[in-house]
Amino acid sequence: MLRNLISALFVFSLVSVQSQLQSPKAFFGYELGSNFTRHHQVVDYFQHLEKNSPQVKLQAYGKTNEGRLLQLAFISSKENLENLESIRETHLQNSGTVSGPKNNDKAVVWLSYNVHGNESSSTEAAMKTAHALLTQFSDWLKDTVVIIDPCINPDGRDRYVNFYNQVKSTPFDNQRFTREHQEGWHNGRTNHYIFDLNRDWAWLTQLESQLRIKQYNKWLPHIHVDFHEQGINSPYYFAPAAEPFHEIISPFQKHFQDVIGKNHAKYFDKEGWFYFTKQRFDLLYPSYGDTYPTNLGAIGMTYEQAGGGVAGLEVENDENINLSLKDRIEHHYTTGISTVEIAALNKTELNENYQLFYENEGLKYQNFIMEGDPDKLDALSKLLERHDIKSRQLNKSTSIKGFDYQKQKNTNTTFSEKALVVSTNQPKGKMIQVLLEPQTKLNDSLTYDITSWSLPFAYGINTMATKSPLTTTDYVSEVNSNPTLSDKMYGYAIPYNSFQDGKFLAALLKENVAVRFNKVPITNSGKSWKRGSLFILKGDNQQKNNYLDKVAQIANQFNQKLFPINTGYSSKGPDLGADELKLIKAPRIAVLRTDQTSSYSYGEVWHFFEQALGYPLIQVNQKSLSSALDHIDQLILPNGYYTKWNENNFTDKLLLDWVEDGGKIIALSGALNRFADTTTFKLKKKKEEELDTTEIPFGDQSRNEISLITTGSIFKAQLDTSHPLSFGLEQYYTLKLNENAYEFLDNGNNALTLGSNVKAVAGFIGFRAIGNQSKSLLFGEESIGKGSVVYFVDNVLFRGFWYSGKMALTNALFFL
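Given the structure is predicted, the values throughout are model-derived calculations rather than measurements.

The rules we used
Numbering of residues begins from 1 in every chain and follows the order in which that chain's sequence is written. Note on the predicted model: pLDDT of at least 70 is required for a residue's local features to be given, and 80 or more for side-chain atom pairs to be given and counted; whole-chain, interface and lining totals, by contrast, use all residues. Water and hydrogen atoms play no part in the side-chain values, which are based on all heavy atoms of the structure. Numbering of helices and strands runs from the N terminus, with a helix taken as a DSSP run of H or I at least four residues long and a strand as a DSSP run of E at least two residues long. Both definitions apply: the radius of gyration is a C-alpha atom measure, and the globule rule equals 2.2 Å times residues to the power 0.38. Think of it in three bands: residues with accessible area under 20% of the maximum for their type are buried, residues over 50% are exposed, and the middle band is partly exposed, with areas taken using a 1.4 Å probe on protein chains only. Any two residues whose heavy atoms approach within 4.5 Å are treated as being in contact. In short, Shrake-Rupley with a 1.4 Å probe defines the accessible areas, and a residue's cover is counted only from the protein chains shown. How far a helix is expected to stretch is found by multiplying one less than its residue total by 1.5 Å. Lines fitted to C-alpha atoms define the axes here, with helix axes fitted over just the stretch in contact, and angles between the N-to-C directions of these axes take values from 0 to 180 degrees. The sense of a crossing depends on the near helix, which, turned anticlockwise from the far helix by less than a right angle, makes the crossing left-handed and, turned clockwise, makes it right-handed. Side-chain classes follow a simple rule in which Ala, Val, Leu, Ile, Met, Phe, Trp, Tyr, Cys and Pro form the nonpolar group, Asp, Glu, Lys and Arg form the charged group, and the remainder, Gly included, forms the polar group. Being paired, for any two strands, means DSSP has found at least two bridges between them. Residues scored as positive are Lys and Arg, those scored as negative are Asp and Glu, and His as well as the terminal groups of each chain are ignored. Salt bridges are identified by distance alone: a Lys or Arg side-chain nitrogen within 4 Å of an Asp or Glu carboxyl oxygen. Here a polar contact is taken to be a pair of N or O atoms separated by no more than 3.5 Å, where protein atoms must pair a possible hydrogen donor with a possible acceptor and residues adjacent in sequence count only if both atoms sit in side chains. The aromatic pairing rule takes the rings of Phe, Tyr and Trp, using the six-membered ring of Trp, and pairs them if the centres are within 6.5 Å, calling planes under 30 degrees apart stacked, those over 60 edge-to-face and the rest tilted.

### Observations concerning the overall build of the protein
- Check the secondary structure of the protein and you find 24 helices and 37 strands.
- Expected size for 816 residues packed as a compact globule is a radius of gyration near 28 Å; at 29 Å, the protein falls within 12% of this value.
- Judged by the C-alpha coordinates and their principal axes, the protein covers about 95 × 65 × 65 Å.
- Out of the 816 residues belonging to the protein, those deemed buried represent 60%.
- Considering only residue pairs separated by 6 or more positions, the protein has 79% of its internal contacts joining residues 24 or more positions apart.
- Accessible area for the protein stands at about 33000 Å²; split by element, carbon and sulfur atoms hold 46% of it.

### Structural notes on helix α7 (residues 154-167)
- In a regular helix each residue adds 1.5 Å, so 14 residues correspond to 20 Å; α7 covers 20 Å between its end C-alpha atoms and thus fits that length.
- If you check which residues of α7 are buried, you get Pro-154, Asp-155, Gly-156, Arg-157, Asp-158, Arg-159, Tyr-160, Val-161, Phe-163, Tyr-164 and Val-167.
- Buried residues along α7 sit against α3 (39-52), β2 (69-75), α6 (121-135) and α8 (207-216).

### Notes on the packing of helix α16 (residues 499-510) against helix α24 (residues 803-814)
- For the pair α16 and α24, interaxial distance at closest approach is 9 Å and the crossing angle is 35°. Pair α16 / α24 crosses with left-handed handedness. Contact with α16, carried on its side by Phe-499, Gln-500, Gly-502, Leu-505, Ala-506 and Leu-509, involves Tyr-803, Lys-806, Met-807, Thr-810 and Phe-814 of α24 and no other residues of that element.
- Among the residues forming the contact of α16 with α24, the class breakdown is 7 nonpolar, 3 polar and 1 charged.

### Quick look at the sheet that holds strand β16 (residues 409-415)
- Read across the open sheet, the 7 strands follow the order β16-β15-β18-β13-β17-β14-β19; overall the sheet is antiparallel. A strand with exactly one partner marks an edge of an open sheet, and here the two such strands are β16 and β19 (472-474). Sheet twist, expressed as the average angle between the axes of neighbouring strands with direction ignored, equals 40°.
- Sheet analysis places strand β15 (residues 398-404) next to β16, joined by 7 bridges and oriented antiparallel. Directly across from Ser-399, in β16, lies its bridge partner Thr-414.
- Lying over the sheet, helix α14 (residues 429-436) contacts β13 (367-371) and β17 (420-423), oriented at roughly 45° with respect to β13.

### Topic: helix α13 (residues 374-386)
- Here α13 contains 13 residues, and its C-alpha end-to-end distance of 18 Å stays within 8% of the 18 Å for a straight helix at 1.5 Å per residue.
- All of the buried residues in α13 are Asp-375, Lys-376, Leu-377, Asp-378, Leu-380, Ser-381, Leu-383 and Leu-384.
- Lining the buried residues of α13 we find β13, β17, α14, α15 (455-459), α16 and α24.
- Downstream of α13 by one or two residues, Asp-388 has phi in the positive range, about 60°.

### Points about the pairing of strand β10 (residues 299-306)
- Along β10, 8 of the 8 residues are buried, which leaves the element largely enclosed by surrounding structure.
- Neither face of β10 is exposed, since Ile-299, Met-301, Tyr-303 and Gln-305 on one face and Gly-300, Thr-302, Glu-304 and Ala-306 on the opposite face are all buried.
- Pairing between strand β5 (residues 223-230) and β10: 8 bridges, direction parallel. From the neighbouring strand, Glu-229 faces β10, where its bridge partner is Gln-305.

### Thoughts on the side chain of Glu-781
- Note on placement: Glu-781 falls in strand β36 (residues 776-784).
- Although Glu-781 is buried, it makes no salt bridge; Lys-664 carries the closest opposite charge, 6.8 Å away.
- A distance of 3.2 Å separates a polar atom in the side chain of Glu-781 from a polar atom in the side chain of His-723.
- Non-local contacts of Glu-781, meaning those with residues more than four positions away in its chain, are made with His-723, Leu-745, Gly-748, Asn-749, Ser-788, Val-789, Val-790 and Leu-816.

### Considerations on the packing of aromatic side chains
- Under the counting rule described, the total for this entry stands at 59 aromatic pairs.
- Ring centres 4.9 Å apart and planes at 65° place the aromatic pair Tyr-193 and Trp-606 in the edge-to-face group. Of this pair, Tyr-193 sits in the loop between α7 and α8 while Trp-606 sits in helix α19 (residues 599-613), and the two are 413 residues apart along the sequence.
- The class of Trp-606 is buried, set by a relative accessible area of 11%.
- When the centroid spacing of 6.3 Å and the interplanar angle of 85° are considered together, the rings of Phe-499 and Tyr-803 count as edge-to-face. Here Phe-499 is found in helix α16, whereas its partner Tyr-803 is found in helix α24, with 304 residues between them in sequence. Each member of the pair, Phe-499 as well as Tyr-803, is classed as buried.
- Ring-pair connections join several aromatic residues into one group, and the members of that group are Trp-203, Tyr-237, Phe-276, Phe-281, Tyr-285, Tyr-288, Tyr-448, Trp-453, Phe-798, Phe-801 and Trp-802.

### Focus on the environment of Gln-20
- Relative to the helices and strands, Gln-20 resides in the loop between α1 (2-19) and α2 (24-28).
- Sequence spacing of Gln-20 and His-48 is 28 residues, and the spatial spacing of their C-alpha atoms is 9.7 Å.
- Excluding anything up to four places from it in sequence, Gln-20 contacts His-48 and Asn-52.

Pasting the structure below:
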């Protein structure tokens, strides 16, 4: 009797608390879909849910670049939330990341909303979904933990919402040509640095990604959904996904996508809503919000609702359908609830197959061995560590049989002691294969994104993949320490071998420390110095107070070992006072923004300077360029779709005069079209082959057209090691994102090129496109008067993860 009374009181108490919960409409005073909700209001609503329900627990996990809160909402039964940490650890036992017996205790579902800020219906749907789970579907929560990230990209969302609220008509105008349906150049899709956060899950270049992945890896859910919007004429998309799938994806993962999709279809059929599956959105590229979780055992899915930045509160599409925000919210709400329902009904099956995924059977390789500059190895190890992937190292020089990335064949290669080793014999072995494997298997060349990304090529390090076991020891980063620097020395120097060395150089220049580099090899103070080594000499700095203290502090910050130089007299090669030791002038660098500039590429440049290199960047709009030229030394043109150079145009003539007087233009990828095939510059673009479609059936033309393109392929470059653009690059692999190819520069400096009969080492390129790549330019420099134009054919900063590309751009900034 007493027990029944206590139970009744508990139920009464719970119902009483839940009755204080307000719906979004009651809380905001408007119906969801009639207005856009700003991020701080969304935060307030979830705090209201936590305050008024024992079934909600909030966890802040950081702030964005612009200071907006990032938080997770855990929704489950009261008992589960009181034991949340125990549930988490018990769940992780199934992946092997925490020791303990396997179990089928709970289903864990993670719902991520608004990774693209202007795909704005999803955050609104997140609030409706949370409220409904608490008030209508709480029975599912007994054995299910639902994790909601209401807004992955608050900076982008508020950028869009503020834009829309500022310009919309009252109540709204659904005609597409009106102002409220036309965002500006820096739209709400991306984060502060104009990065697409849905392409950054694996590379972790962005703050939001770095903060989120820490939380994600603490849970490794059974199901992860990434809510999106697409073009306004498309019906709703939900799983199952399209081919190609990465080969590590299990049959169960494919099957269960179908189970979920059929449940969604049941609800959509009832309402007569249009949808499609198994098309367009594949599961290959590993850095999406569906593929990254999939590669960690989850049922990872993208849900796509018609909408995006053009949609506003309502827009008329090409089929004369009025697409409203209310409808968009309802569709995302329906698939979110349907997903939780299926998880709750299939807890045991999800757990058992999740456990099987982590057994890591059938992987192609047992170990990946990498050798190169310690800074490069350390940078790669730290990236893997962020994914909770452990690195080790050889404890002695070892001859290993396997696939050699550089030789592109199976062979025996000797790796030295302390070579980096990443074993697939750890819980995330399948993810390791995805990120490090030499070539990704393709069962279909028509993909939504790039087909190659192998990190050993991105970092430019010697690598072997082997099926053999290896004897290893714990990986230890090299820690350099310097004794007190003495002003009795002629100076100090370091070899230049890594991007870390480039950051060290940038920091010295920011502090007005004079630095020289050698244009030719020399031997001095008992050490051989390759081209590009950095010399900090007393003769350049002795008038500066305490310069050695600054040097020591910066060296420690960047883990640099300084080598003492005791004389200016070289035992081989030029002395340190010769012309071949060039003083580096701290350049004033600007990036140009025009309406023709790719916003993504612009953001990559911006982020590179502020968050990677750590060097000042001046941002210039085109209308202010003429005023800026007197205040800058270098001008970066990001990738874009530019008009041809016109020698009769006033701005172009002004810019040419600036270059001839000593200025430097650095052109990235599509910006080369601005200069190619003009009378002013030597750059010549190769003519692309055209496809004769006369006898190709209409339905086959799209597939035949892929013979003319590349979907992200990797090629090994030929280096002119004497050219400054090659400094520190023992080898370079370029990531080709399009089929564009350029001739060698006549009487110019062709620093990096592709040779004859070139072949891709990874990724897809069509057989008609590859011919143009033979004997083509990759990096070049054209001298014009006292200045120059530097050409990077491929985007060296693509998505911020191509380590060697960062080095190449650093070379262009400081050594030319």
